[in-house]
Amino acid sequence: VIKLIDLDLKGKRIFIRADLNVPVKDGKVTSDARITASMATINHCLKQGAKVMVTSHLGRPEEGVWSEENSLKPVAENIAARLGKPVRLIKDWVENGFEVAEGELVVLENCRINKGEKKNVDETAQKYAKLCDVFVMDAFGTAHRAEASTHGIAKYAPIACAGILLTEELDALTKALLNPARPMVAIVGGSKVSTKLTVLESLSEKVDQMVVGGGIANTFLKAAGKNTGKSLCEDDLVPTARALMDKMAKRHASIPIAVDVVVGKKFEANEPAILKDADSVADDEMIFDIGPKSAQELADIIMKAGTVVWNGPVGVFEFDQFGTGTKTIAMAIADTKAFTLAGGGDTIAAIQKYGIYDKISYISTAGGAFLEFLEGKKLPAVEILEQRAG
Ligand code: 3PG
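Residues numbered from 1 in each chain as written. Predicted model: local features only at pLDDT ≥ 70, side-chain atom pairs only at ≥ 80, totals over all residues. Heavy atoms only, no water.

Caption draft 1: Quick peek at the pattern of salt bridges. Summed over the entire model, instances satisfying the criterion amount to 20 salt bridges. Close ionic contact of Arg-82 with Asp-32 constitutes a salt bridge, the shortest N to O distance being 2.9 Å. Here Arg-82, found in helix 2 (residues 73-83), pairs with Asp-32, found in the loop between strand 3 (28-29) and helix 1 (33-47); they are 50 residues apart in sequence, far enough to count as distant. Take Asp-32: its relative accessible area is 30%, and that puts it in the partly exposed class. Residue Glu-285 is joined to Lys-276 by a salt bridge in which the shortest nitrogen-to-oxygen separation is 3.1 Å. Classification of Glu-285 by relative accessible area gives buried; the value is 5%. (Salt bridge = Lys/Arg side-chain N within 4 Å of Asp/Glu carboxyl O. Helix = DSSP H or I, 4+ residues; strand = E, 2+ residues; numbered from the N terminus. Buried < 20%, exposed > 50% of the residue type's maximum accessible area, 1.4 Å probe, protein only.)

Caption draft 2: The confidence of the model for the chain, seen in detail. When the pLDDT values of the chain are averaged, the result is 97; 100% of them are 70 or greater. For this predicted complex, the interface score ipTM comes out at 0.99, while the overall pTM is 0.93. (pLDDT = per-residue confidence, 0-100.)

Caption draft 3: View of the nonpolar core. If you look at the biggest cluster of nonpolar residues, it comprises 70 residues, and the most contacted ones within it are Phe-15 and Phe-220. The element best represented in this core is helix 5 (residues 164-177), accounting for seven residues. Those residues in contact with Phe-220 that sit more than four places away from it in its chain are Val-193, Leu-200, Val-212, Ala-241, Leu-244, Met-245, Ile-255 and Ile-257. Among the nonpolar cores identified, the runner-up in size contains 35 residues, and Ile-290, Ala-299, Ala-334 and Ala-338 belong to it. (Core = buried A, V, L, I, M, F, W, Y, C linked by side-chain atoms within 4.5 Å. Contact = heavy atoms within 4.5 Å.)

Caption draft 4: Structural view of the packing of helix 4 (residues 148-156) against helix 13 (residues 380-389). As a packed pair, helix 4 and helix 13 sit with axes 8 Å apart at the nearest point and diverge in direction by 10 degrees. It follows that helix 4 is roughly parallel to helix 13 by the angle criterion. Contacts from Thr-150, His-151, Ala-154, Lys-155 and Tyr-156 of helix 4 reach helix 13 at Pro-380, Ala-381, Ile-384, Leu-385 and Arg-388. The class makeup of the residues in the contact of helix 4 with helix 13 is six nonpolar, two polar and two charged. (Axes fitted to C-alpha atoms, helices over the stretch in contact; angles between N-to-C directions. Parallel < 35°, antiparallel > 145°, perpendicular 65-115°, else oblique. Nonpolar A, V, L, I, M, F, W, Y, C, P; charged D, E, K, R; others polar.)

Caption draft 5: Local environment of helix 6 (residues 193-204). Its 12 residues place the ends of helix 6 only 13 Å apart at the C-alpha level, less than the 16 Å of an ideal helix rising 1.5 Å per residue. Where helix 6 is concerned, the buried positions are Val-193, Lys-196, Leu-197, Val-199, Leu-200, Ser-202, Leu-203 and Ser-204. (Expected span 1.5 Å × (residues − 1).)

Caption draft 6: Seen up close, the packing of aromatic side chains. Across all of its chains, the model carries eight aromatic pairs by this definition. Seen from their ring centres, Phe-15 and Tyr-128 are 6.0 Å apart, and the 25 degrees between their planes marks the pair as stacked. One end of the pair, Phe-15, is in strand 1 (residues 13-17); the other, Tyr-128, is in helix 3 (residues 122-130), and 113 residues separate them in sequence. Residues Phe-15 and Tyr-128 agree in their burial class; the two are buried. A centroid spacing of 5.7 Å and a plane angle of 70 degrees characterise the contact between Phe-267 and Phe-288, whose relative ring orientation is edge-to-face. Here Phe-267 is found in the loop between strand 11 (260-264) and strand 12 (274-277), whereas its partner Phe-288 is found in strand 13 (residues 286-290), with 21 residues between them in sequence. (Phe/Tyr/Trp six-rings, centres within 6.5 Å; stacked < 30°, edge-to-face > 60°.)

Take a look at the structure:
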């Protein structure tokens, strides 16, 4: 693909599609990691003396319906504070004309309000394209969506290129997944096998060890013949879990199964944690974490790895008494010499809780797009950039 950093931008109209879909409360951005990650591209364009426009979706608004709640105003204010100067927020930017000065940044209001955005309507994409000389796709977090601002515009803009963040994300994910240093370890946590089945299937063909955690692990424990009591477990997927284990064993890879677990009887913040052998979970108990022996085994695997890909906690780490497993794994990921890649909302929350943000080789800004990349899917917004580059 064409890269932004290779282009001469002086005086040009630059349309940046970023992923500034951040949490907002009472008109203020509560976590601005995605804005921080998007600033490299914005600053680069400003420094070159370009006329810079940036837009993003925020939430999932209904088409044609603007409201305070889905406005990018808090985002524009956050960016203005970083730049130390006011930033204009432009409403109705598709229909109404506007000018941008050289070296100026304007924020174009939530693109998902625009008619034709979500359905990737050609006419909408063409109107976007007319606003710019260069389209910069930098929204890795939305690269799995073919919408007018992520995909359509790239067909019609005079030049369509990858921004600095998108390039970094693709480099990190490619290094970890397509060209990994071995042994390669994936950690896939979360509540359900069903929501991550394609991720598990795809990774099971690539990795040396696939660590499953959370509710997902319970289905695998059952497949390994253990009682999981009242734990979240998808009985209909037990044969699928068994098949994945067998398939990996055949090529001398494995899905490590917990030898000890931490259980409780109720899903409550003050529920006492009870350590159990994985063979002796009672019918009225629920598994909320892995035990210390299992956590240590996983930590050893992580320490010996060449690559670690982490998506999802291995226990209910929101409750401290059920967070030890996730903490042990997080610490090993922080300490290992392996190339480490993490992504997804829960994973980032765990990384923040255990204070290891600076010790991960790369933390993706994406949720859904990260998972689709792990599934081995082509991201439509990246594919169109490849096509445009010829
Ligand atoms: C995300 O938060 O995962 C991205 O911004 C995409 O948002 P969406 O799922 O609403 O398209």
